[in-house]
Amino acid sequence: MTKLSQRKKNQIVKATNIHAPESKDKYLASIEGELYSSLAKLFNKKGITYSKARPQLNILYRRLQNDLQRQMNKDMKVMEEELRDAMIESYDSTSKSLGNDRTLSNRKVKSLLDFPWSGATFRTRTLQHMETLFKSIQNEVAKELKGEKNYLKVVDRLGKRFETYDNRMYYLRTSEVEHFVQEGANATYRDKHVQKVQWVTLHDDATCLLCSALDGQVFDINNTPPLPQHGNCRCRLVPYEI
């Protein structure tokens, strides 16, 4: 084993500069708009109370739950394709840098995607985020119908709930892509029998103290800190010696 040159490390970091593509899906906005339209009709009814509204709410929530389920299934399918593509692209780019002529098998890709690297798979986290959104919608509507019955106030609070969901899904997508980009590179390292890897931190005004402290540290390839360390983490692991 010989230590990898800084030039080669930089080459690998560049080869794994792969990030989540921009999301162009507008379906959730359509669900949100339909929900507001239905609630407007409900809140405008004279003498409406939570008790009187429950039969209509049950119908509304069943439709909403079905719509959110379809959206979740779509999100998971798109995300799985993104993660698979990112991992394979990273593997191929790193393999080219290290002179590895193997390919990443579908079986290996599936096993990595199915592994709960942060305590849960991306599928489980997507489900958790969607369930949280659905329950928060129910709670906000019930709270307003039992209180002031102000349509504009409930729409404002629901808008914030949808915004929170969007942010959570954004960070989920970007974090999962960053992780599987590194997993693709790690698969190449193992093909080349790399035993030790070195943490590389990108230094600029956005670099956090945690990642700064990890920069340059060497780890056993099978015992590294989780990567990414946080949302929008740009760190990488490169071979220390090969």
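A few points on the structure. Just so it is clear, the structure is predicted and the values come from calculations on it, not from any experiment.

**Focus: the packing of helix α5 (residues 122-145) against helix α6 (residues 151-191)**
At a minimum axis separation of 10 Å, α5 and α6 run at an interaxial angle of 175°. Here α6 runs roughly antiparallel to α5, going by the angle between their axes. Classifying every residue of the contact of α5 with α6 by side-chain character gives eleven nonpolar, four polar and nine charged.

**Observations concerning the pairing of strand β1 (residues 196-200)**
In terms of strand pairing, β1 meets strand β2 (residues 218-220) through three bridges, oriented antiparallel. Pairing of Val-197 across the sheet is with Phe-219, part of β2. Here β1 runs beside strand β3 (residues 236-239); their pairing, made up of four bridges, is antiparallel. Looking at β3, one finds that Val-200 is bridged to Arg-236.

**With respect to the pattern of salt bridges**
A complete count under the given rule lists 14 salt bridges for this structure. A salt bridge links Glu-144 to Arg-157, with the shortest nitrogen-to-oxygen separation between them at 2.9 Å. Pair noted here: Glu-144 is in helix α5 and Arg-157 is in helix α6, with a separation of 13 residues, a long-range link. Among the residues examined, Glu-144 registers a relative accessible area of 4% and is labelled buried. Overlapping salt bridges, with partners in common, bring together Glu-80, Arg-84, Lys-110, Asp-114 and Arg-123 in one network.

**Thoughts on the packing of helix α1 (residues 6-15) against helix α3 (residues 50-98)**
Running from N to C, α1 and α3 point in directions that differ by 160°, and their axes come no closer than 9 Å. Taken as axis vectors, α1 and α3 run roughly antiparallel relative to one another. The interaxial crossing formed by α1 with α3 has right-handed handedness. Here α1 contributes Lys-8, Gln-11, Ile-12 and Ala-15 to the contact with α3, which in turn contributes Ser-93, Thr-94, Ser-97 and Leu-98. Across the contact of α1 with α3, the residue classes break down as three nonpolar, four polar and one charged.

**Concerning the nonpolar core**
Here is a general trend for soluble globular proteins: nonpolar side chains tend to be buried in one another's company. Leu-35, Leu-39, Leu-57, Ile-137 and Val-141 are the most contacted members of the largest nonpolar core, which has 45 residues in total. Mapped by element, the contributors of at least two residues to this core are α2 (27-43), α3, α4 (106-113), α5 and α6. At 13 residues, the largest contribution of residues to this core is made by α3. With 17 residues, the next largest nonpolar core counts Ile-12, Trp-199, Cys-235 and Leu-237 among its residues.

**Some details on the state of the cysteines**
By the definition in use, this model includes zero disulfides. Among the cysteines around Cys-235, which has no disulfide bond, Cys-211 carries the closest sulfur, lying 3.5 Å off. Given the relative accessible area of 2%, Cys-235 is considered buried.

Scoring rules and cut-offs
- Residues numbered from 1 in each chain as written.
- Predicted model: local features only at pLDDT ≥ 70, side-chain atom pairs only at ≥ 80, totals over all residues.
- Heavy atoms only, no water.
- Axes fitted to C-alpha atoms, helices over the stretch in contact; angles between N-to-C directions.
- Helix = DSSP H or I, 4+ residues; strand = E, 2+ residues; numbered from the N terminus.
- Parallel < 35°, antiparallel > 145°, perpendicular 65-115°, else oblique.
- Nonpolar A, V, L, I, M, F, W, Y, C, P; charged D, E, K, R; others polar.
- Pairing = 2+ DSSP bridges.
- Salt bridge = Lys/Arg side-chain N within 4 Å of Asp/Glu carboxyl O.
- Buried < 20%, exposed > 50% of the residue type's maximum accessible area, 1.4 Å probe, protein only.
- Left-handed = near helix turned anticlockwise from the far one by under 90°.
- Contact = heavy atoms within 4.5 Å.
- Core = buried A, V, L, I, M, F, W, Y, C linked by side-chain atoms within 4.5 Å.
- Disulfide = S-S within 2.5 Å.

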